[in-house]
Amino acid sequence: MPKVSVVIPVCNVEKYLRECIDSALNQTLKDIEIICVDDGSTDGSPAILDEYAARDPRVKVIHKPNAGYGQTMNVGMKTATGEFIAILESDDYIRPDMYEVLYRVAQKHQLDFVKSDHEVFVGEPEERTFTYMPIGRDKSQYNRVINPHDDLDVFNARMQTWSGLYRKSFLEQNNIRHNETPGASYQDNGFWFLTFLYAKRIMLVNRAFYCLRRDNPNSSVHNKGKVFCIFEEYAYIEQRLRSDPEKAAHYIGIFQKKKFDNCQYHYTRVGQEFKWSYLERMGAEFRKAREAGELHPELFYGNGYQTLCEVMDDPDLYYARTALTDEERTPEQQVKVLTWKLERQRRDLNREINALKASKSYRVGLAVTFLPRKLRGGYRCLRENGLGYTVAHLFQKISGKFSRA
């Protein structure tokens, strides 16, 4: 039994495939197998895979008709014989010590899965730029064993499936697979959520081993068949979740929060021609969740819940300010957006004022300046109203305080 089975889904990536496979073969952990699943590639990828399989017995190749990402991943994972399973996308690559470090961590702490930070890169090898991407929301989530059932905040870790190792027996015992809807996208979302749903021992490691290619991070979705795939994926997750009423009661709030996070991200990628219809469906689905009492505001960060309420209650405003330019907005939409901006500025200003008033320096300043402020006020009253009025006003304030006491 190999220590790690590396599953690489392949579909028309001949330009990047060699760098990807080389990074797996060059791991310091040698006791691994590399399962390359060719999902009906029509370029030179199949020949490259067969070449590597002939050179190194650790490389296994499966050629099959095109059936989509989810089915391809499930074929690879079913074939895997390793103690742990790793996912490596065929246009990415990994640092040499990734699997050795993570395997030792997983074994030492008997983890269901372990994940790590990663780096995003753009450009060709000679001129690449890298950006470090932490997986944890904050430092408190790193390098400790976490049970997601007891710490729902870990669900706010970055949603990625390829930066770690999964114990194969854990995946099999809980029937954790990828959704196989033909032609669909976002099928890693379901796999990600189910691993957190069933795991009892996980760990996040604050080192970056995985190098994620992002040469075109802002590409839009203009295929009508792909626009609503995110909703189909979350319907699949919800079906699995509701099959266990006890888990559904515990996790439904965080499920709805993660669904909103990813639906909102997908909205930024949807082509302009589909944004309004996408937003209408998004609002309808979350209004249904609100009516069922499944939205928990305390689980959202920053302005997240306010944004969700806007999507549900005033999608026209959200659409106008996020999808339209000033020239494209109607006069009514212009007024809506301007009012929203002024209200947000007022809210942000009030928040800053309240934070200032709650600060220690502000309270100390009030105490230090108390006597000078009172003397200045008394002098002004004396100058403007005379001695008699000032004395009477002073006695009135003193007597008022005593009467209230």
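Each remark here, short or long, concerns the structure printed above.
Let us look at the structure shown here. Every value quoted in this text rests on a predicted model; they were computed, and no experiment measured them.

Secondary structure summary: the protein contains 15 helices and nine strands in total. For the protein, whose C-alpha radius of gyration is 29 Å, the value lies well above the compact-globule estimate of 22 Å for 405 residues. Seen through its principal axes, the protein has C-alpha atoms that stretch 105 × 55 × 50 Å. Buried positions account for 46% of the 405 residues belonging to the protein. Put simply, the protein shows about 20,600 Å² of open surface, and 54% of that area lies on carbon and sulfur atoms.

Attention shifts here to the side chain of S163. Relative to the helices and strands, S163 is located in the loop between β7 (129-133) and β8 (164-167). For S163, a relative accessible area of 0% corresponds to the buried category. Within the structure, the side chain of S163 is placed 2.7 Å from the side chain of Q160, a separation counted as a polar contact. Beyond its immediate chain neighbours, meaning those up to four positions away, S163 contacts M98, L102, K115, S116, I135 and Y210.

The subject of this paragraph is unusual backbone geometry. The backbone of N12 shows a phi angle near 55 degrees, a positive value even though the residue is not glycine. Summarising the element assignment, N12 is placed in the loop between β1 (4-10) and α1 (14-25). For N12, a relative accessible area of 36% translates into the label partly exposed.

Let us now look at helix α4 (residues 98-109). Taking 1.5 Å of rise per residue, the twelve residues of α4 would be expected to cover 16 Å, and the 17 Å separating its terminal C-alpha atoms lies within 8% of that figure. Residues M98, Y99, L102, Y103, V105 and A106 constitute the buried set of α4. Buried residues along α4 cover an arc of 165 degrees about the axis, so they all sit on one side. Among the exposed residues of α4, those oriented more than 90 degrees off its buried face are R104 and K108. Tucked into the core, α4 has its buried residues touching β1, β4 (84-87), β5 (93-94), β6 (113-122), β8 and β9 (202-213). Following α4 by one or two positions, Q110 adopts a phi angle in the positive range, close to 50 degrees.

Definitions and limits used
Residues numbered from 1 in each chain as written. Predicted model: local features only at pLDDT ≥ 70, side-chain atom pairs only at ≥ 80, totals over all residues. Heavy atoms only, no water. Helix = DSSP H or I, 4+ residues; strand = E, 2+ residues; numbered from the N terminus. Rg over C-alpha atoms; globule rule 2.2 N^0.38 Å. Buried < 20%, exposed > 50% of the residue type's maximum accessible area, 1.4 Å probe, protein only. Areas by Shrake-Rupley, 256 points an atom, 1.4 Å probe, with all protein chains shown as cover. Polar contact = N/O pair within 3.5 Å; in protein donor to acceptor, adjacent residues only side chain to side chain. Contact = heavy atoms within 4.5 Å. Expected span 1.5 Å × (residues − 1). Arc of directions from axis to C-beta.

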